[in-house]
Amino acid sequence: MLSEVGVEGQQKLKKARVLVIGCGGLGCPILQYLAAAGIGELGIIDDDTVALSNLQRQILFKESHVGMPKVEAAQEVLNALNSSIKIQIYSERLSVANAPNLFKKYDVIVEGSDSFSTKYLANDAAVLTGKPLVFGSIFKFEGQVSVFNYKNGPTYRCLYPEPVAEADMPTCSEVGVLGILPGIIGMFQANEVVKIILDLGNILSGKLLIYNSLEASQMLLPFNKNESIEISELIELDLSCSIHSANEMDYRDFKKNKNTYTLIDIRSKPERETSNIGGLHIPLDQLLKKPHQIAEFDAVVFYCASGKRSARVVNQLQDLFSEQKRYSLKGGIAEALKVED
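Here's a quick rundown of the structure.

Rules behind the numbers
- Residues numbered from 1 in each chain as written.
- Predicted model: local features only at pLDDT ≥ 70, side-chain atom pairs only at ≥ 80, totals over all residues.
- Heavy atoms only, no water.
- Helix = DSSP H or I, 4+ residues; strand = E, 2+ residues; numbered from the N terminus.
- Buried < 20%, exposed > 50% of the residue type's maximum accessible area, 1.4 Å probe, protein only.
- Areas by Shrake-Rupley, 256 points an atom, 1.4 Å probe, with all protein chains shown as cover.
- Lys, Arg positive; Asp, Glu negative; His and termini not counted.
- Charge placed at Lys NZ, Arg CZ, Asp CG, Glu CD.
- Salt bridge = Lys/Arg side-chain N within 4 Å of Asp/Glu carboxyl O.
- Core = buried A, V, L, I, M, F, W, Y, C linked by side-chain atoms within 4.5 Å.
- Contact = heavy atoms within 4.5 Å.
- Patch = residues over 30% accessible without salt bridge, like charges linked within 9 Å, V, L, I, M, F, W, Y side chains within 5 Å.
- Pairing = 2+ DSSP bridges.
- Axes fitted to C-alpha atoms, helices over the stretch in contact; angles between N-to-C directions.
- Parallel < 35°, antiparallel > 145°, perpendicular 65-115°, else oblique.
- Left-handed = near helix turned anticlockwise from the far one by under 90°.

Observations concerning the overall build of the chain
Then comes step 1: For the chain, the helix and strand inventory stands at 14 helices and 13 strands.
Then comes step 2: Expressed along its principal axes, the backbone C-alpha trace of the chain runs to roughly 75 × 50 × 40 Å.
Then comes step 3: By the burial criterion, 52% of the 341 residues in the chain qualify as buried.
Then comes step 4: Summed over its atoms, the accessible surface of the chain is roughly 16,800 Å², and 50% of this surface lies on carbon and sulfur atoms.
Then comes step 5: Taking the average location of the 35 positive side-chain charges in the chain and that of its 41 negative ones, the two points are 2 Å from each other.

Some points on unusual backbone geometry
A negative phi angle is the norm for most residues apart from glycine, just as the trans form is the norm for most peptide bonds.
Then comes step 1: Positive phi is not limited to glycine here, since N149 has a value of about 60 degrees.
Then comes step 2: One non-glycine residue, N152, lies in positive phi territory at about 65 degrees.
Then comes step 3: Assignment of secondary structure puts N152 in the loop between β6 (142-148) and α6 (156-159).

Concerning the pattern of salt bridges
Then comes step 1: Counted under the stated rule, the structure contains 11 salt bridges.
Then comes step 2: Where D48 meets K70, a salt bridge forms, and the shortest distance between an N and an O atom there is 3.4 Å. Within this pair, whereas D48 is found in the loop between β2 (41-45) and α3 (70-81), its partner K70 is found in helix α3, the two being separated by 22 residues in sequence.
Then comes step 3: The partly exposed category is assigned to D48, whose relative accessible area is 37%.
Then comes step 4: Looking at K70, the relative accessible area reads 5%, which means it is buried.
Then comes step 5: The salt bridge involving R272 is made with D265; its shortest N-O contact spans 3.2 Å. For the residue pair R272 and D265, the accessibility class agrees, reading buried in each case.
Then comes step 6: One connected set of salt bridges, linked through shared partners, spans D265, R267 and R272.

What to know about the nonpolar core
Then comes step 1: V18 and L34 are the most contacted members of the largest nonpolar core, which has 45 residues in total.
Then comes step 2: Looking at this core element by element, the count peaks at 8 residues for helix α8 (residues 181-198).
Then comes step 3: Filtering out sequence-adjacent residues up to four positions away, L34 remains in contact with V18, V20, I39, L42, A190, V193 and V194.
Then comes step 4: Within the second largest apolar cluster, 25 residues are counted, among which are L19, L94, Y120 and L133.

Let's talk about a nonpolar patch on the surface
Then comes step 1: Taken together, the side chains of F141, L178, I180 and L214 make up a nonpolar region of the molecular surface, amounting to roughly 380 Å² of accessible area.
Then comes step 2: Take L178: it is sitting in the loop between α7 (172-175) and α8.
Then comes step 3: Look at L178 and you get partly exposed, because its relative accessible area is 35%.

With respect to the sheet that holds strand β13 (residues 325-329)
Then comes step 1: Reading across from one edge, β9-β13-β12-β10-β11 is the order of the 5 strands in this open sheet, with parallel pairing throughout. Edge strands, defined here as strands with exactly one partner in the open sheet, are β9 (248-249) and β11 (280-281).
Then comes step 2: As paired strands, strand β10 (residues 262-265) and β11 are joined by 2 bridges and run parallel to one another. Counterpart to D265 in the pairing with β11 is H281.
Then comes step 3: Along the sheet, helix α13 (residues 308-316) makes contact with β12 (299-303) and β13, crossing β13 at roughly 160 degrees.

Things to note about the sheet that holds strand β8 (residues 217-222)
Then comes step 1: If you trace the 8 strands from one edge of the open sheet to the other, you get β3-β2-β1-β4-β5-β6-β7-β8, paired in mixed fashion. Bordering the open sheet on either side are β3 (86-90) and β8, each of which pairs with just one other strand. Sheet twist, expressed as the average angle between the axes of neighbouring strands with direction ignored, equals 15 degrees.
Then comes step 2: By the bridge criterion, 5 bridges tie β2 to β3 in an arrangement that is parallel. Pairing of I45 across the sheet is with Y90, part of β3.

A closer look at the packing of helix α2 (residues 27-37) against α8
Then comes step 1: Where α2 meets α8, the axes come as close as 7 Å, and the angle between the chain directions of the two elements is 40 degrees. Classified by the interaxial angle, the pair formed by α2 and α8 is oblique. Between α2 and α8 lies a crossing of right-handed hand. Residues P29, I30, Y33 and L34 of α2 lie in contact with α8, whose contacting residues are P182, G183, G186, M187, Q189, A190, V193 and V194.

Below you can see the structure in the form of structure tokens.
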């Protein structure tokens, strides 16, 4: 009924092919609105499974989907929403090996992962295959949206030239996120996809939209293309170097010799109350302010949600207490609970 869209516009949507990277907090609302809009073919790539803690923000899933591959659960729900569209699922992680051929199959790429290495890989693959990339990112109460490589416009690297280590940037699972926020940002992304396909309005190319959910405020920041940045090939970025450089200990090895080590939980109080595997509780910020409170221990094993924060602590304290042995629990409490199960 919109005069700017009409039957011709709906046919454009029906012929369009869109690939969504990540089926999490951003991917779920993106997929739901694109399926409802009648996008002819949706591709979904994600290698994760549904967890109970996902449900406050990943609105496609239900408790019955817990433990199921996210792409399969999403396909089931989206087929029930719109049986006339085609849904291709890829239960794998985006990589240098699969990105080029995958991107060539689709008209628009939407990036909704929580991994910086994936974001840079998606950007570079979009540039090399000539595809527009709709970007979204969230942190606690704030989100960002932009469109990269639209008609050879600015790219992600024009905005953020150099990546940072994954360990230095906590995930939503570690710091929390207002569950509604990814829905808002995901809808912004879906809106840009539809605008690109219909060639309507002003595309967020060369513009970064920043939305603050606590203030209900928006900022639109312009940025230019950096002509000096050239992308000639895909490179598998390893942004986890700070994790690998830390001394790690497998939970099974810890259990065999647990009397030898002092176990310290560095997560927040809410995380601790949700689940824990024992040990002392010294939140990360308190530990870094007063590290000498652990000087009396001969050997320490730190743990957090995934192993990122604990690895960072081991590295940051490496020049203190030279005789003390410090380890990061590999995989964090997530891996430990799997062993206990």
